[in-house]
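Close look at the chain arrangement
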Amino acid sequence: MFRILDGKIVRDKIAENLAKRVKKLQVKPCLAIIQVGDNPESNTYIRQKKLFAEKIGAMVIHEVLPFSVSQKDIAGKIRKFNSDKKIHGIIVQIPLPKTLDKDAVIETIDPAKDVDGLTSYNLKLEWVGKRTGIIPATAKGIQTLLQFYKIPVGDKKVVVVGRSALVGKPTALLLLNDNATVTVCHKRTKNLSEETKLADILVVATGHPKLIGKEHVSKNQTIIDVGITSVVDSKTGEKKVVGDVDFEAVKNIVSGISPVPGGVGPMTVASLFENLVDSAEKQ
Ligand SMILES: NC(=O)c1ccc[n+]([C@@H]2O[C@H](COP(=O)([O-])OP(=O)(O)OC[C@H]3O[C@@H](n4cnc5c(N)ncnc54)[C@H](OP(=O)(O)O)[C@@H]3O)[C@@H](O)[C@H]2O)c1
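Residues numbered from 1 in each chain as written. Predicted model: local features only at pLDDT ≥ 70, side-chain atom pairs only at ≥ 80, totals over all residues. Heavy atoms only, no water.

**Side note on a positive patch on the surface**
Together, Arg163, Lys169, Lys187 and Arg188 make up a region of like positive charge exposed at the surface. Assignment of secondary structure puts Lys169 in helix α7 (residues 168-177). (Patch = residues over 30% accessible without salt bridge, like charges linked within 9 Å, V, L, I, M, F, W, Y side chains within 5 Å. Areas by Shrake-Rupley, 256 points an atom, 1.4 Å probe, with all protein chains shown as cover. Salt bridge = Lys/Arg side-chain N within 4 Å of Asp/Glu carboxyl O. Lys, Arg positive; Asp, Glu negative; His and termini not counted. Charge placed at Lys NZ, Arg CZ, Asp CG, Glu CD. Helix = DSSP H or I, 4+ residues; strand = E, 2+ residues; numbered from the N terminus.)

Take a look at the structure:
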């Protein structure tokens, strides 16, 4: 039976649960978002985060720094948030200008407030299999989406296409620690379709629309489409968001797929706020 793995349903359930947890807290969980410049896509993501925060009763402080901000000044801003007891989570909205060392900026965040789970402290806890660190939101969202739809990962073959530090690698590591057998593919992978066809669960995070077509999939697979690319619809001339998978081409072959929009995107936002509320409860 073919299933759409709707992330909005899961997001709303997570929101309901988080709102109850927030009510029990003495303080309002507060997320500080640091944005550099005025990237329109970042503006959209930040808007979604603010809406979700409002839904669960959390607060967002949105600090916009000029494109010309120095490494020292952004680090100083993060340190101020690190020592502010009213702030429970800090994220730096990616992308950053090339003039900044992104990894050094992220490393400045106090690991206890690193609700994007991208500091080496948190990544190492998952890397060594301790599983006590904060998990990057998209990877965690994918894990939760699979759990919600009762798609087992342990003993399954997972193929992740994309090896970024933000999505591909943390997802591969998380699912490996959940006992999947994981293959990671990238631009230099020879015969991509031979690898992807072997997957029970295929996670695609490349930012390359229609990379995955019918020749890449097989029966009984679950596909998690992480890609988000804004394109112009050739029929209507309007802008729309598409994933990395040719949905129409694969839907009659595979057993389940997360749609774009409405699949992993909402899960990422919900998972970020799960991390925030966890942090607020601990602090
Ligand atoms: N839904 C969400 O919540 C969410 C969250 C984050 C990101 N995203 C989206 O997910 C996509 C990926 O994001 P990212 O940050 O991981 O991007 P990224 O840093 O650009 O990494 C893309 C990865 O895809 C691989 N790749 C690109 N073209 C490929 C091809 N033709 N064949 C095989 N591998 C290919 C690249 O391989 P190499 O390493 O060999 O270059 C790279 O590892 C983007 O569309 C982004 O907008 C969505």
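Next comes the rest of the description.
**Some words on helix α2 (residues 40-56)**
Between its first and last C-alpha atoms α2 spans 25 Å; for 17 residues at 1.5 Å apiece the expected length is 24 Å, and the two agree. Inspection of α2 places Ser42, Ile46, Lys49, Phe52, Ala53 and Ile56 among the buried residues, and these make up the whole buried set. Here the buried residues of α2 occupy an arc of 120° about the axis, which is enough to place them on one side. Of the exposed residues in α2, the ones pointing more than 90 degrees away from its buried face are Pro40, Arg47, Leu51 and Glu54. On the buried face of α2, the contacting elements are α1 (7-24), β2 (30-36), β3 (59-65), β4 (89-92) and α10 (264-282). A distance of 2.8 Å separates the backbone nitrogen of Glu41 from a side-chain oxygen at the start of α2, and that oxygen is part of Asn39. (Expected span 1.5 Å × (residues − 1). Buried < 20%, exposed > 50% of the residue type's maximum accessible area, 1.4 Å probe, protein only. Arc of directions from axis to C-beta. Contact = heavy atoms within 4.5 Å. Polar contact = N/O pair within 3.5 Å; in protein donor to acceptor, adjacent residues only side chain to side chain.)

**Describing the packing of α1 against helix α6 (residues 137-148)**
Remark: α1 packs on α6, axes separated minimally by 10 Å, with the N-to-C direction vectors making an angle of 100°. Classed by the angle they form, the pair α1 and α6 counts as roughly perpendicular. The residues of α6 that touch α1, namely those facing Gly7, Ile9, Val10, Lys13 and Ile14, are Thr144, Leu145 and Phe148. Tallied by class, residues from the contact of α1 with α6 come to five nonpolar, two polar and one charged. (Axes fitted to C-alpha atoms, helices over the stretch in contact; angles between N-to-C directions. Parallel < 35°, antiparallel > 145°, perpendicular 65-115°, else oblique. Nonpolar A, V, L, I, M, F, W, Y, C, P; charged D, E, K, R; others polar.)

**Remarks on the pattern of salt bridges**
Going through the model one piece at a time under the given rule, you end up with 11 salt bridges. Of the charged contacts, one joins Asp12 and Arg11 as a salt bridge, the two residues approaching to 3.1 Å between their closest N and O atoms. Taking relative accessible area as the criterion, Asp12 reaches 34% and is therefore assigned partly exposed. Overall, the relative accessible area of 21% leaves Arg11 in the partly exposed class.

**Thoughts on the site of the ligand**
Among the 20 residues in the neighbourhood of the ligand, the closest are listed as Arg163, Ser164, Gly207, Ile228 and Thr268. Within the side chain of Arg163, one N or O atom sits 2.7 Å away from an oxygen atom of the ligand. In this structure, Ile228 approaches the ligand through a main-chain N or O atom, which is 2.9 Å from an oxygen atom. Taking 930 Å² as the accessible area of the ligand by itself, protein coverage stands at 74%. In terms of residues, the shell around the ligand owes the most to one element, α10, which gives three residues. For the shell around the ligand, the class distribution of residues is eight nonpolar, 10 polar and two charged. (Near = heavy atom within 4 Å.)

**A closer look at the packing of aromatic side chains**
Considering all chains together, one arrives at two aromatic pairs under this definition. With 5.2 Å between their ring centres and 35° between their planes, Phe52 and Phe273 make a pair best called tilted. Remark: Phe273 occurs in helix α10 and Phe52 occurs in helix α2; sequence separation between them is 221 residues. Residue classification places Phe52 among the buried positions, given a relative accessible area of 3%. For the pair Phe148 and Tyr149, a centre-to-centre distance of 4.9 Å together with 75° between the ring planes defines the contact as edge-to-face. The exposure class of Phe148 is partly exposed, given its relative accessible area of 30%. The exposure class of Tyr149 is buried, given its relative accessible area of 11%. (Phe/Tyr/Trp six-rings, centres within 6.5 Å; stacked < 30°, edge-to-face > 60°.)

**What to know about the sheet that holds strand β11 (residues 256-257)**
Here six strands make up an open sheet; going across it, the order is β1-β11-β8-β7-β5-β6 and the pairing parallel. Every other strand in the sheet has two partners, leaving β1 (3-4) and β6 (181-185) as the edge strands with one partner each. Across four bridges, the pairing between strand β7 (residues 201-204) and strand β8 (residues 222-225) is parallel. Following the sheet pairing, Ile201 is matched in β8 by Thr222. (Pairing = 2+ DSSP bridges.)

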